[in-house]
Amino acid sequence: MRCTIIKEALQQPNQDGKINCLKTKSRPIKAHHSADVQGSNWAKIEARPLTSAMENWRMAAALNAVEGAINERVLNHVAWGLSLDLSAIVSLCRSLAAGYPMEWNSSLYMKFEKERTRAARDLLAQVPDLAPGSIFDLGCGPGNGTELLAAKFPGARIFGLDISENMLAVARERVPSARFGKEDIAGWRPAEKTDLIFANASLQFVPSHDELMVRLLSYLREGGCLAVQMPNNIQELSHALMRMVAADGPWADRLVPIAKSRAVIGGLDFYYQLLVPHCSRLDLWQTAYVHPLDGPDDIVDWFAGSALRPFLDALSPCERESFLTRYRAELAAAYPVQTNGKVLLRYPRLFFVAQR
Ligand SMILES: C[S@@+](CC[C@H](N)C(=O)[O-])C[C@H]1O[C@@H](n2cnc3c(N)ncnc32)[C@H](O)[C@@H]1O
């Protein structure tokens, strides 16, 4: 059985401490020892020694849980990962067995990487040629924006910060020239002033992000830039339906407070008033992207990698399943199918580049 193979693989790392896993979208994952590795179709998975009986138990539970549920979808998720440490695989297996990931999941996040990175690219395009000495990518995720920064500013020292180990593991592999660290943006402060602070789709997660932005500007050298993009989709159908399902079910007492606690970002006027006293130049704009997706399942997948997470985290596996079934049905009713079978996900985003 496929997951028995995975299980054996996880329990028997190679002598070099790695596990090899066949990277394929359509075929079962097989594990082999290093000697069997051939060609570039193989991804190495770091194996960390299990630290305690509890870890052992957790892994066994995760793998047993996934045994019944393993299917092409699980394999796809695993196959997209370039390199995962053992805890990431355990967490992935557990959450996929239950329906959807419970913590930031780089593989699911990267399913729509092209679309997500387009915003980072559009933001970076408005950053002036600074010849920066140092750059910080706050909430760097899987390093997709960090990679763009490294390409645009090859001479700069680039640091990526994130609170998710899962994301950082992918980012490290992806941009070896940059340095990455686990850090909460809320309390971060650079050791010395910097030239560029880049935050694509991350500041909206930080409480009091308006105060944070003003603080971040004070960490810049004269002429340095704070470049920010935040999704502005709380009023979109996708999110309204999420809240509606959250408020209408046996889970309402748990999910309504979560829905209410969601950060609502300000309008263009708000950020203009906030930032303009602290900078010499401010470029502020908003764009509504339109993403043709394959159907409601794709919309669910998109937000399972971001906005759905706090809701799903609060539910049992069984509740999660029924929450998603209802959410999917609402999406199917609300998003008309185009003649080519696609549904159009409208996705407004707010951007600014503030220069000191
Ligand atoms: C939507 S993703 C954006 C990833 C990437 N910047 C991009 O352009 O696609 C948000 C990222 O911010 C990180 N994040 C959220 N809150 C954070 C915090 N308080 N401190 C550091 N990172 C945070 C998450 O772990 C996640 O990787």
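The shown structure was predicted, so the numbers you read here are calculated from the model rather than taken from an experiment.

Draft legend 1. Molecular detail of the overall build of the protein chain. Within the protein chain one finds 15 helices and 10 strands. Counting over 356 residues, the protein chain shows a buried share of 40%. Summarising the internal contacts of the protein chain: among those between residues at least 6 apart in sequence, 73% fall at separations of at least 24.

Draft legend 2. Focus on the sheet that holds strand E5 (residues 157–162). Within the open sheet, the 7 strands sit side by side as E6-E5-E4-E7-E8-E10-E9. Their pairing is mixed. Edge strands, defined here as strands with exactly one partner in the open sheet, are strand E6 (179–182) and strand E9 (281–293). Recorded for the sheet is a direction-independent mean angle of 15° between the axes of neighbouring strands. The sheet contact formed by E5 and E6 spans 4 bridges and is parallel. Opposite Gly160, over in E6, you have Phe180 as the bridge partner. In the packing of helix H13 (residues 296–304) onto the sheet, the strands contacted are E9 and strand E10 (343–355), and the crossing angle to E10 comes to about 30°.

Draft legend 3. Broad picture of the pairing of E5. Sheet topology note: the strand E4 (residues 134–138)/E5 ladder contains 5 bridges and is parallel. Its bridge partner being in E5, Leu138 is matched across the sheet by Leu161. Crossover handedness for the path E4 to helix H7 (residues 144–152) to E5: right-handed. For the crossover from E5 across helix H8 (residues 165–174) to E6, the handedness is right-handed.

Draft legend 4. Here's a closer look at the site of the ligand. Contacts to the ligand come from 22 residues, most closely from Gly139, Gly141, Ser164, Asn200 and Phe205. Going through the elements one at a time, helix H6 (113–125), H7 and E5 are the ones with two or more residues in the shell around the ligand. Here the shell around the ligand is composed, by residue class, of 11 nonpolar, 8 polar and 3 charged.

Draft legend 5. The arrangement of the packing of H6 against H7 in detail. Packing of H6 against H7 leaves a shortest axis separation of 9 Å and a crossing angle of 40°. Relative to H7, H6 is oriented oblique. Seen along the crossing, H6 lies across H7 with a hand that is right-handed. Along its contact with H6, which presents Glu113, Arg116, Thr117, Ala120, Arg121 and Leu124, the element H7 presents Asn144, Gly145, Leu148, Leu149 and Lys152. Looking at the contact of H6 with H7 residue by residue, the classes come out as 4 nonpolar, 3 polar and 4 charged.

Draft legend 6. Here's a closer look at unusual backbone geometry. You will see that Ala131, though not glycine, has its phi angle at about 50°, which is positive. Checked against the element boundaries, Ala131 lands in the loop between H6 and E4. Despite not being glycine, Ala201 shows a phi value in the positive range, around 60°. Secondary-structure assignment places Ala201 in the loop between strand E7 (194–200) and helix H9 (209–218). Residue Ala201 is classed as partly exposed on the basis of its C-beta count, with 19 C-beta atoms lying within 10 Å.

Draft legend 7. The pairing of strand E8 (residues 220–231), seen in detail. Bridging between E7 and E8 involves 6 bridges; their strand directions are parallel. Bridged to Asn200 within E8 is Gln229. Note that the unit made of E7, H9 and E8 has a crossover that is right-handed. Direction of pairing for E8 relative to E10: antiparallel, over a ladder of 7 bridges. The residue bridging Met230 from the neighbouring strand is Leu350, located in E10.

Draft legend 8. Here's a closer look at H6. When the terminal C-alpha atoms of H6 are compared, their 18 Å separation across 13 residues agrees well with the 18 Å that a helix rising 1.5 Å per residue should span. Three or more residues of H6 are buried, namely Arg116, Ala119, Ala120, Leu123 and Leu124. Seen end-on, H6 carries its buried residues on one side only, within an arc spanning 135°. Pointing more than 90 degrees away from the buried face of H6 are the exposed residues Lys114 and Ala125. Where H6 is buried, its residues contact H7, E7, E8 and E10.

Draft legend 9. Up close: the nonpolar core. Ile197, Leu226, Ala227 and Val228 are the most contacted members of the largest nonpolar core, which has 46 residues in total. It is E8 that contributes the most residues to this core, 6 residues altogether. With 26 residues, the next largest nonpolar core counts Tyr109, Leu241, Phe323 and Tyr335 among its residues.

Draft legend 10. Region of interest: the environment of Ala304. Mapped onto the fold, Ala304 is located in helix H13. For the pair Ala304 and Leu324, spaced 20 residues apart in sequence, the C-alpha to C-alpha distance is 9.7 Å.

Draft legend 11. Spotlight on the packing of helix H10 (residues 237–247) against helix H11 (residues 252–260). Between H10 and H11, the shortest axis-to-axis distance is 8 Å and the interhelical angle comes to 145°. Facing Arg243, Ala246 and Ala247 of H10, the residues of H11 in contact are Ala252, Leu255, Val256 and Ala259. Counted by class, the contact of H10 with H11 contains 6 nonpolar, no polar and 1 charged residues.

The rules behind these values
Residues numbered from 1 in each chain as written. Predicted model: local features only at pLDDT ≥ 70, side-chain atom pairs only at ≥ 80, totals over all residues. Helix = DSSP H or I, 4+ residues; strand = E, 2+ residues; numbered from the N terminus. Buried ≥ 20, exposed ≤ 12 C-beta atoms within 10 Å, placed from the backbone. Contact = placed C-beta atoms within 7 Å. Pairing = 2+ DSSP bridges. Axes fitted to C-alpha atoms, helices over the stretch in contact; angles between N-to-C directions. Right-handed = clockwise from strand over helix to strand, strands pointing away. Near = placed C-beta within 6 Å. Nonpolar A, V, L, I, M, F, W, Y, C, P; charged D, E, K, R; others polar. Parallel < 35°, antiparallel > 145°, perpendicular 65-115°, else oblique. Left-handed = near helix turned anticlockwise from the far one by under 90°. Expected span 1.5 Å × (residues − 1). Arc of directions from axis to C-beta. Core = buried A, V, L, I, M, F, W, Y, C linked by C-beta atoms within 7 Å.

None of the figures reported here should be taken as evidence of function without further support.
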